[in-house]
Amino acid sequence: MAASVMEIDLHIHTTASDGTMSPTAVVRYAKEKGLRAIAITDHDTVEGIAEGLREGGKLGLEVIPGVELSVDFPKGTMHLLGYYIDHTCAELLDKLTIVQGARAERNLKMIEKLRGLGIEIELSEVKEAPEHGQIGRPHFAYALVQKGHAQNIQDAFERYLRKGGPAYAEKFKFSPEKAMSVVHKAGGITVLAHPFTLNQPQQKDLEDVIVELKAQGLDGIETYYPEHSEGQTKLYRSLAQKHGLVLTGGSDFHGFNKDEVDIGEGYGDMALSHNLLDELQARREARLRGL
Ligand code: AMP
Ligand code: ZN
Ligand code: FE
Ligand code: FE
């Protein structure tokens, strides 16, 4: 994709959310694979950051503190990545506490919906999933498989948990604008994650969304991503360049929860150069200088 040498991966989940490897294990694994830098980007939490930074310091691997925020976008799924955030920023932590509360409420709703479908699952059983940071749909999927209601994780999503599926429940989310302002207040920069999930097949519609986000503070677009076709990658790259947004990329590694995707290389054809990170850093410095 972007380069022939695999140097960085800017989208990684740990056990702080729904990955299966602890921050320490993720950093060690990335180091073993020869990566120079990774970003830890758990869903709606920064609880894995301190541990990841510590291990990165020990091993000499650059760890970028990040977060992946689910934000309100009724037409599709919008995730915003924050990079170089101060993971101790009080306002950031305060907003994360709000979304974590919303997640807990939503989990109870999903338990009710499953009960309505004749499936009895207790919250304690969802927590028995092999990892339990921020409890979410992957944990429900695991419990459904364990109890014989689905053949595998993917099947559990298709049958019950996909957006609009019979056991799916919405949860409160911040607007993209609010989420981006929180990331900026925490000293970070904002990147639109995996744009294909916005579900905007018309280029014009996608561009309109990006232009609006840019006006609200968007800094970059996650262009390199395992699920993106060559055509999508090209389109996202050209939109980023046209609108003065930085390019990023990452595997969205989740460990065994998504075991076909490997750290640093996605499905095997991703290889991101450290140059991408230099641009991200330049952007961050410009933000900090108030440009
Ligand atoms: P949640 O934040 O609880 O809504 O769960 C979102 C997580 O579910 C993301 O990490 C996705 O990787 C995972 N996910 C969403 N759709 C699917 C799917 N069809 N198959 C497997 N995992 C999925
Ligand atoms: Zn996830
Ligand atoms: Fe995501
Ligand atoms: Fe992700």
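Shown above is the structure to which this text applies.
Residues numbered from 1 in each chain as written. Chains lettered and ligands numbered in written order. Predicted model: local features only at pLDDT ≥ 70, side-chain atom pairs only at ≥ 80, totals over all residues. Heavy atoms only, no water.

Visitor: Just checking my understanding: could you explain the site of ligand 1 for this structure?
Guide: By nearness alone, every residue bordering ligand 1 is listed as Asp18, His43, Arg103, Arg106, Gly136, Arg137, Pro138, Gln154, Phe157, Lys171 and His254. One of the side-chain nitrogen or oxygen atoms of His43 is found 2.8 Å away from an oxygen atom of ligand 1. The separation between an oxygen atom of ligand 1 and a polar side-chain atom of Arg137 is 2.8 Å. Looking at side-chain class alone, the shell around ligand 1 contains two nonpolar, four polar and five charged residues. (Near = heavy atom within 4 Å. Polar contact = N/O pair within 3.5 Å; in protein donor to acceptor, adjacent residues only side chain to side chain. Nonpolar A, V, L, I, M, F, W, Y, C, P; charged D, E, K, R; others polar.)

Visitor: Explain the environment of Lys127 here, please?
Guide: With respect to the secondary-structure elements, Lys127 resides in helix H4 (residues 123-127). In the structure, Lys127 is positioned 22 residues away from His149 in sequence and 17 Å away in space, judged by C-alpha atoms. (Helix = DSSP H or I, 4+ residues; strand = E, 2+ residues; numbered from the N terminus.)

Visitor: Help me out: how do you make sense of the environment of Ile8 in this one?
Guide: Considering the arrangement of structural elements, one finds Ile8 in strand S1 (residues 8-12). Sequence separation between Ile8 and Leu276 is 268 residues; the distance between their C-alpha atoms is 8.6 Å.

Visitor: Sorry if this is basic, but what is going on with the pairing of S1 here?
Guide: With five of five residues buried, S1 lies mostly within the body of the structure. Assessed by its sense of winding, the connection that carries the chain from S1 through helix H1 (residues 23-32) to strand S2 (residues 37-40) is right-handed. (Buried < 20%, exposed > 50% of the residue type's maximum accessible area, 1.4 Å probe, protein only. Right-handed = clockwise from strand over helix to strand, strands pointing away.)

Visitor: Please clarify how H1 should be interpreted in this entry.
Guide: Every α-helix carries 3.6 residues per turn, so stepping three or four residues along brings you back to the same face. Three or more residues of H1 are buried, namely Pro23, Thr24, Val26, Val27 and Ala30. For H1, the angular spread of the buried residues around the axis is 165°, confining them to a single face. The secondary structure elements touched by the buried residues of H1 are S1, S2, helix H2 (49-59) and strand S3 (62-71). Where H1 ends, the next residue or the one after it, Gly34, has phi of about 90°, a positive value. (Arc of directions from axis to C-beta. Contact = heavy atoms within 4.5 Å.)

Visitor: Is there a simple way to think about the coordination of the iron ion (ligand 3) in this case?
Guide: Between any two of four tetrahedral donors, the ideal angle at the metal is 109.5 degrees; between two of six octahedral donors, it is 90 or 180 degrees. Coordination of the iron ion (ligand 3) by the protein involves Glu68 (OE), His79 (ND1) and His194 (NE2), with metal-donor separations of 2.0 to 2.2 Å. The sequence pattern formed by the donor residues of the iron ion (ligand 3) is E-x10-H-x114-H. (Donors = N, O, S within 2.8 Å, 3.2 Å for Na, K, Ca; no water.)

Visitor: Any chance you could explain the nonpolar core here in plain terms?
Guide: Taken as a class, soluble globular proteins show a tendency for nonpolar side chains to be buried jointly. Judged by nonpolar contacts, the single largest core of 65 residues is most densely connected at Ile38, Tyr83 and Leu280. Per-element accounting of this core gives the leading share, five residues, to S3. Ignoring anything within four residues of it in the chain, the contact list for Ile38 reads Asp9, Ile12, Val26, Val27, Ala30, Leu61, Glu62, Val63 and Ile64. Ranked by size, the runner-up nonpolar core spans 18 residues in total, among them Ile119, Ile135, Ala156 and Leu161. (Core = buried A, V, L, I, M, F, W, Y, C linked by side-chain atoms within 4.5 Å.)

Visitor: It is not clear to me how H2 should be interpreted in this structure. Could you clarify?
Guide: All of the buried residues in H2 are Ile49, Gly52, Glu55 and Gly56. Considered in projection along H2, the buried side chains sweep an arc of 135° and stay on one side of the axis. Exposed and oriented more than 90 degrees from the buried face of H2 are Arg54, Gly57 and Lys58. Where H2 terminates, the next one or two residues include Gly60, which has phi positive at roughly 70°.

Visitor: Just checking my understanding: could you explain the coordination of the zinc ion (ligand 2) for this structure?
Guide: Coordination of the zinc ion (ligand 2) by the protein comes from Asp18 (OD), Asp18 (OD), His43 (NE2) and His254 (NE2), over a distance range of 2.0 to 2.6 Å. Site description for the zinc ion (ligand 2): donor spacing in sequence, D-x24-H-x210-H. Separating the zinc ion (ligand 2) from the iron ion (ligand 4) is a gap of 4.6 Å. With Asp18 in the loop between S1 and H1 and His254 in the loop between strand S7 (246-249) and helix H10 (275-288), this pair connects stretches of sequence that are 236 residues apart.

Visitor: Sorry if this is basic, but what is going on with the sheet that holds S1 here?
Guide: The strands making up a sheet are joined through hydrogen bonds of the backbone, oriented either antiparallel or parallel. Here we have seven strands laid out as an open sheet, ordered S1-S2-S3-S4-S5-S6-S7, and mixed in their pairing. At either end of the open sheet lies a strand with only one pairing partner, and these are S1 and S7. Taking the axes of each pair of neighbouring strands and ignoring which way they run, one obtains an average angle of 30° across the sheet. The sheet contact formed by S3 and strand S4 (residues 78-83) spans six bridges and is antiparallel. Bridging from a neighbouring strand, Val67 pairs with Gly82 of S4. (Pairing = 2+ DSSP bridges. Axes fitted to C-alpha atoms, helices over the stretch in contact; angles between N-to-C directions.)

Visitor: So what exactly am I meant to see when it comes to the pattern of salt bridges here?
Guide: Where charged atoms from two side chains of opposite charge come close, those side chains can pair. Tallied over the full model, the rule gives 18 salt bridges. A salt bridge links Glu170 to Lys173, with the nearest nitrogen and oxygen atoms 3.0 Å apart. The exposure class of Glu170 is partly exposed, given its relative accessible area of 40%. Notably, a salt bridge pairs Arg287 with Asp219, separated by 2.8 Å at the nearest N-O pair. Residue Arg287 is found in helix H10, and its partner Asp219 is found in the loop between helix H8 (203-215) and strand S6 (220-224); the two are separated by 68 residues along the sequence. (Salt bridge = Lys/Arg side-chain N within 4 Å of Asp/Glu carboxyl O.)

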